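Coordinate inspection notes
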Amino acid sequence: MKLLRKKTRTESATRIAALLEAVEYGLILAVTKCDGLTLKAQGDLVSMQRRLRAMRYEVEAEARIGAQPPGVVPDFAPVSGTGAG
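My aim in this report is to walk through the structure given alongside it, one point at a time. Just so it is clear, the structure is predicted and the values come from calculations on it, not from any experiment.

Our next topic: helix α2 (residues 39-63). Since there are 3.6 residues in each turn of an α-helix, residues three or four apart along the chain are aligned in direction. The end-to-end C-alpha distance of α2 is 36 Å, a good match for the 36 Å that 25 residues give at a rise of 1.5 Å each. Within the sequence span of α2, burial applies to Leu45, Gln49, Leu52, Arg56, Val59 and Ala63. Immediately beyond the C-terminal end of α2, within one or two residues, lies Arg64, with a positive phi of roughly 55°.

This is the structure in structure tokens:
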């Protein structure tokens, strides 16, 4: 499903993704930090959070936010001082 208009700038898409993420984390806080919700209400909020996360991922994918340029291979070498390797 296409979420962004064709002429949406990367800055706007980044702002949209950030707002979706903020709402997503707000829902997580409502479930984990508030004790007045029923189990069903908590489940409904978790379901909303999952849908928002999927929507945010879709926005990021469409706008290619955080995507590596073609041909770039990430370096997975262990960082010194971590005890790895």
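This brings us to helix α1 (residues 10-33). Taking 1.5 Å of rise per residue, the 24 residues of α1 would be expected to cover 34 Å, and the 34 Å separating its terminal C-alpha atoms lies within 8% of that figure. Those residues of α1 that sit buried are Ser12, Ala13, Ala17, Leu20, Glu24, Leu27 and Val31. Looking at the packing, one finds that the buried side of α1 touches α2.

The rules behind each value
- Throughout this document, residue positions are counted from 1 along each chain, in the order its sequence is written.
- For a predicted model such as this one, the threshold for reporting local features is a pLDDT of at least 70, and the threshold for listing and counting side-chain atom pairs is 80 or more; totals across whole chains, interfaces and linings nevertheless cover every residue.
- For side-chain calculations, the full set of non-hydrogen atoms in the structure is used, while hydrogens and water are omitted.
- A run of H or I in DSSP counts as a helix once it spans at least four residues, and a run of E counts as a strand once it spans at least two, with each numbered from the N terminus.
- Any helix carries an expected span of 1.5 Å times its number of residues minus one.
- Buried, partly exposed and exposed residues are distinguished by accessible area as a fraction of the type maximum, computed with a 1.4 Å probe on protein chains only: under 20%, between the cut-offs, and over 50%, respectively.
- A contact between two residues is defined here by any heavy atoms of the two lying within 4.5 Å.

Keep in mind these values describe shape, not function.
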